[in-house]
Amino acid sequence: MSLPLISLTRKECFSACHRLHSPFLNEELNKQVYGKCNNPNGHGHNYTVEVTVRGPVEPKTGMVMNITDLKQYMDQTIMKKLDHLNLDKDVPYFKNLPSTTENVAVFIWDSLRLVMPKPELLYEVKIYETDKNSVVYRGQKCDGRNHYHHHQNGLNTTSENVCSSNMSSDSDS
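Right, let's walk through the structure included here. (Residues numbered from 1 in each chain as written. Predicted model: local features only at pLDDT ≥ 70, side-chain atom pairs only at ≥ 80, totals over all residues. Heavy atoms only, no water.)

1. Regarding the overall build of the chain
And step 1. Looking only at helices and strands, the chain features four helices and seven strands.
And step 2. Going from the N terminus to the C terminus, the chain shows its helices and strands as β-α-β-α-β-α-α-β-β-β-β.
And step 3. Buried positions account for 36% of the 173 residues belonging to the chain.
And step 4. Counting only contacts in the chain whose residues sit at least 6 apart along the sequence, the fraction spanning at least 24 positions is 65%. (Helix = DSSP H or I, 4+ residues; strand = E, 2+ residues; numbered from the N terminus. Buried < 20%, exposed > 50% of the residue type's maximum accessible area, 1.4 Å probe, protein only. Contact = heavy atoms within 4.5 Å.)

See below:
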């Protein structure tokens, strides 16, 4: 008997501040790359995080995962580790890593996998940094080489698992 494959998503909101600044770039390049988000005093966001688990519906419970358990995992890994904190100063993970939303998504993914009894159910972490910007991470890795092929009419990708070494900022534009 095949079981239905279901995705289940829970949403949480947290507030945090940070400064986009890379230890791998000099001061001028940091200002160029991150613009106003490189302000030495930092800036804040009200992040919305959606965590999706995906798996078969267990016949005995009728659930992929108990939503109460997912809420607990998210509280432990997101709310207690990130909410109302300075990401750069209060979260050791970001000591030598730019606290971009991309890196926050990886942090949440890795943290969830450590506490979930069935980490293989974790499907996606989506973070809305603003109402205009969001990041999605599904645990995929790449070798760091630029996989974009540039063409005169724009960008053409060469595979589904595309990687880019371009940095991004968290501006509203």
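2. Concerning the sheet that holds strand 3 (residues 85-86)
And step 1. The five strands lie next to each other as 3-1-2-4-5, forming an open sheet whose pairing is mixed. Every interior strand has two partners, whereas the edge strands, strand 3 and strand 5 (134-137), have only one.
And step 2. As paired elements, strand 1 (residues 5-18) and strand 3 share two bridges and run parallel to each other. Opposite alanine 16, over in strand 3, you have leucine 85 as the bridge partner. (Pairing = 2+ DSSP bridges.)

3. Re the nonpolar core
And step 1. Phe14, Ile78, Leu82, Ile108 and Leu112 are the most contacted members of the largest nonpolar core, which totals 32 residues.
And step 2. Contributing elements (two or more residues each) for this core: strand 1, strand 2 (43-56), helix 2 (67-82), helix 4 (101-115), strand 4 (122-128) and strand 5.
And step 3. The element that contributes the greatest number of residues to this core is helix 4, accounting for seven residues.
And step 4. Non-local contacts of isoleucine 78, meaning those with residues more than four positions away in its chain, are made with Phe14, Val49, Val51, Asp83 and Ile108. (Core = buried A, V, L, I, M, F, W, Y, C linked by side-chain atoms within 4.5 Å.)

4. Brief notes about the packing of aromatic side chains
And step 1. Inspection of every chain in the model, using the stated rule, returns five aromatic pairs.
And step 2. With a centroid separation of 5.5 Å and an interplanar angle of 75 degrees, the aromatic rings of tryptophan 109 and tyrosine 137 are classed as edge-to-face. Taken together, the positions of tryptophan 109 in helix 4 and tyrosine 137 in strand 5 put the pair 28 residues apart, joining distant regions of the chain.
And step 3. Taking the relative accessible area as the measure of exposure, tryptophan 109 reaches 7% and is therefore buried.
And step 4. Taken together, the aromatic side chains of Tyr93, Phe94 and Phe107 make up a single cluster linked through ring pairs. (Phe/Tyr/Trp six-rings, centres within 6.5 Å; stacked < 30°, edge-to-face > 60°.)

5. What to know about the pattern of salt bridges
And step 1. Inspection of every chain in the model, using the stated rule, returns three salt bridges.
And step 2. Of the charged contacts, one joins aspartate 75 and lysine 80 as a salt bridge, the two residues approaching to 3.5 Å between their closest N and O atoms.
And step 3. Of the charged contacts in the structure, one is a salt bridge between arginine 138 and glutamate 124, with a shortest N-O distance of 2.6 Å. Taken together, the residues arginine 138 in the loop between strand 5 and strand 6 (148-151) and glutamate 124 in strand 4 connect sequence positions 14 residues apart.
And step 4. By relative accessible area, which is 41% here, arginine 138 ends up partly exposed.
And step 5. Of the residues examined, glutamate 124 reaches a relative accessible area of 12% and is grouped as buried. (Salt bridge = Lys/Arg side-chain N within 4 Å of Asp/Glu carboxyl O.)

6. Focus: the packing of helix 2 against helix 4
And step 1. Running from amino to carboxyl end, helix 2 crosses helix 4 at an angle of 135 degrees, the nearest separation of the two axes being 9 Å. The angle between the axes of helix 2 and helix 4 places the two elements in the oblique class. For the pair helix 2 and helix 4, the sense of crossing is right-handed. Across from Tyr73, Met74, Gln76, Thr77, Ile78, Lys81 and Leu82 in helix 2, the residues of helix 4 making contact are Val104, Phe107, Ile108, Ser111, Leu112 and Val115. (Axes fitted to C-alpha atoms, helices over the stretch in contact; angles between N-to-C directions. Parallel < 35°, antiparallel > 145°, perpendicular 65-115°, else oblique. Left-handed = near helix turned anticlockwise from the far one by under 90°.)

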